[in-house]
Amino acid sequence: MIFLSFATAFANRKKNLTPKYIRLFYIYPLMILILSTNALLVTLIQLYSIKIASLIEQYFTTADFIFWIVFFYQLFKDSTILKKFVFLVSLVILVLITFVTYHPLSTYINLGISNIGKCLFCLAYFYDLLHSVPKVILRFEAVFWIVLGLFFNTAVTIPIYLTIHYLNINHSEISQQIFSLTNIAIIIMHLLFIKGQLCILLPQKR
Amino acid sequence: MHFTPSETIVLFIVLCSVLILLLVFFIALIIYRYQQKQNAYFKNLEEIKIDHENILLQSQVEMQEKTFQNISIEIHDNIGQKLALAKLLLNTLPYESVEKLSLQVQSSIDIVSQVVNELSDMGRGMSNEIVLQNGIIKATEAELLQIKKTSLYHINFEVGGDTVFLDVKRELILFRVIQECLHNIIKHARATLIGVQLQFHKDWLSLEISDNGKGFDTANANNMGTGIKNIKKRIRLLNGMYTIKSVVDNGTTIKIEIPFI
């Protein structure tokens, strides 16, 4: 699914009429592909230690969040207030991530905190959507599907990432099942990304 | 409170279901609200379009009415008279003198030729075709030429900047504004001098129509007749701006600025 998401986004990289944040969107699925490979290398063939894998994951969490900062900053380039909002939220989240990185449970907390930031960006997009001139037809709007996918993923995974440590200790019998929900959320997110990219790749008659 | 493992799983499923349902409801609500807003927006656009079409149609009808009125006046006061004179000359041909006969026939031919020319001029000035085919500048020139022929006015027409052809419908509405202004001058101003300046800028055009007539008090709303109201309505339709400056006994100037798009 991630590879398909990457392939559709990569196919759109040279579409001249699309905004830069869509043309460069393939970077995100590429990062997720690298992260997934990292997880596979550790769990299946134990190529390097979990500590190194977790460190790689933390760096990629920050890089992933920076990607979304740039994405939303470009998306809100016509709105000064929303740009300020993105800047402030990014600042707070990046400071928090930096501090949490030194915490022993940092991996999931980092993911949870950065997802809070991404979720706030999505809400800002929906607010902007409802308060701007409704010119676009949503089902043909790539950005709408991308933000919808991100919103769904972040909203579902925030409570999981922030409570997984607690669940591991107190309810270890269901913690694995709960964590598997994040995989479903990721699949749905990439499905919606693919739908968004297809809006550009296969333009339909409006 | 302590839950058994099976209770924990049930609780987890219920909580997840509620969370996902809430999420789906929130997304559906956003889409529904947006769709509602979009429907209202498109409805409003449609209304503006219909309004625009109505005003355009009204402008065309008014132009036709004015043209018919001009034709009627022209036929009654000018062409009819000239043809009657030609008929009289032909009825009273002096057959006894070849020299007088040829002079009178020549006079009749001259009168008929004049009538043919005038009919041709009238044909050119008729309907919207002059705007549609030749653009706003030629149409204004033709309109001013008709006024000049009365010998009651000294006309000053200037065009500046690089000419830009507007959308035909916009040109038609603008031409109707010019006609309305000129009609007001002829009907009310008692002027002897009419100035029309058309200046093309980068993104807009400015139009200035001035006269040296009796002017009016712009502060008094009663002085704003239907003509001025129509002008304002049409300028708004073209997303333009206007200013009317008038001093009693010292003429009136109307300045209009229209964006190209």
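Residues numbered from 1 in each chain as written. Chains lettered and ligands numbered in written order. Predicted model: local features only at pLDDT ≥ 70, side-chain atom pairs only at ≥ 80, totals over all residues. Heavy atoms only, no water.

(A) Spatial organisation of the domain arrangement of chain B. Along its sequence, chain B is organised into domain 1 (1-36), domain 2 (67-126) and domain 3 (135-261). On a C-alpha basis, the centres of domain 1 of chain B and domain 2 of chain B stand 92 Å from each other. (Domains from an automatic or database assignment.)

(B) Region of the structure containing the pairing of strand 1 (residues 154-160) of chain B. Residue and element names in this part refer to chain B. Inspection of the sheet shows strand 1 paired to strand 2 (residues 193-200) by 7 bridges, in the parallel sense. The residue bridging Glu158 from the neighbouring strand is Gln197, located in strand 2. Each parallel crossover has a hand, and for strand 1 linked through helix 4 (residues 168-189) to strand 2 it is left-handed. (Pairing = 2+ DSSP bridges. Helix = DSSP H or I, 4+ residues; strand = E, 2+ residues; numbered from the N terminus. Right-handed = clockwise from strand over helix to strand, strands pointing away.)

(C) Structural view of the interface of chain A and chain B. Contacts between the two partners involve 25 residues from chain A and, on the opposite side, 18 residues from chain B. Across the interface of chain A and chain B, roughly 2000 Å² is buried in total on both sides, 83% from carbon and sulfur atoms. Of all residues in chain A, the largest losses of buried area upon contact with chain B belong to Leu130, Pro134 and Ile174 of chain A, amounting jointly to 29% of the total for that side. Seen at the junction of chain A and chain B, the total is 0 salt bridges. Counting every contact that joins chain A to chain B gives 5 residue pairs in polar contact (both at pLDDT 80 or more). (Contact = heavy atoms within 4.5 Å. Buried area = accessible area lost by both parts, 1.4 Å probe. Salt bridge = Lys/Arg side-chain N within 4 Å of Asp/Glu carboxyl O. Polar contact = N/O pair within 3.5 Å; in protein donor to acceptor, adjacent residues only side chain to side chain.)

(D) View of the pattern of salt bridges. Residue and element names in this part refer to chain B. For the structure shown, the criterion picks out 4 salt bridges over all chains. Where Glu180 meets Arg176, a salt bridge forms, and the shortest distance between an N and an O atom there is 3.4 Å. Taken as a pair, Glu180 and Arg176 lie in helix 4 at a separation of 4 residues, close to a single helical turn. Glu180 sits in the buried class, given a relative accessible area of 9%. Looking at Arg176, the relative accessible area reads 7%, which means it is buried. (Buried < 20%, exposed > 50% of the residue type's maximum accessible area, 1.4 Å probe, protein only.)

(E) Region of interest: the side chain of Asn184 of chain B. Residues and elements named next belong to chain B. The topology assignment puts Asn184 in helix 4. According to the relative accessible area criterion, Asn184 is buried, its value standing at 17%. Those residues in contact with Asn184 that lie beyond four places of it in its chain are Ala189, Gly227, Ile228 and Ile231.

(F) Local environment of the pairing of strand 2 of chain B. All names here are of chain B. When strand 2 meets strand 3 (residues 204-211), the two strands line up antiparallel, connected through 7 bridges. Bridge pairing in strand 3 places Gln197 opposite Glu208. Counting the residues that bridge the hairpin from strand 2 to strand 3 gives 3 residues.

(G) Up close: the sheet that holds strand 5 (residues 252-259) of chain B. All names here are of chain B. If you walk across this open sheet you meet the 5 strands as 1-2-3-5-4, and the pairing is mixed. In the strand order of this sheet, the two ends are held by strand 1 and strand 4 (241-246), each with one partner. The sheet shows a mean angle of 10° between the axes of neighbouring strands, taken without regard to direction. In this structure, strand 3 lies alongside strand 5, joined through 8 bridges in antiparallel fashion. Considered in strand 5, the bridge of Asp211 is made with Thr252. Across the sheet, helix 4 touches strand 2, strand 3 and strand 5, and the angle it forms with strand 3 is around 10°. Helix 5 (residues 226-237) contacts strand 4 and strand 5 of the sheet and is inclined by roughly 150° relative to strand 4. (Axes fitted to C-alpha atoms, helices over the stretch in contact; angles between N-to-C directions.)

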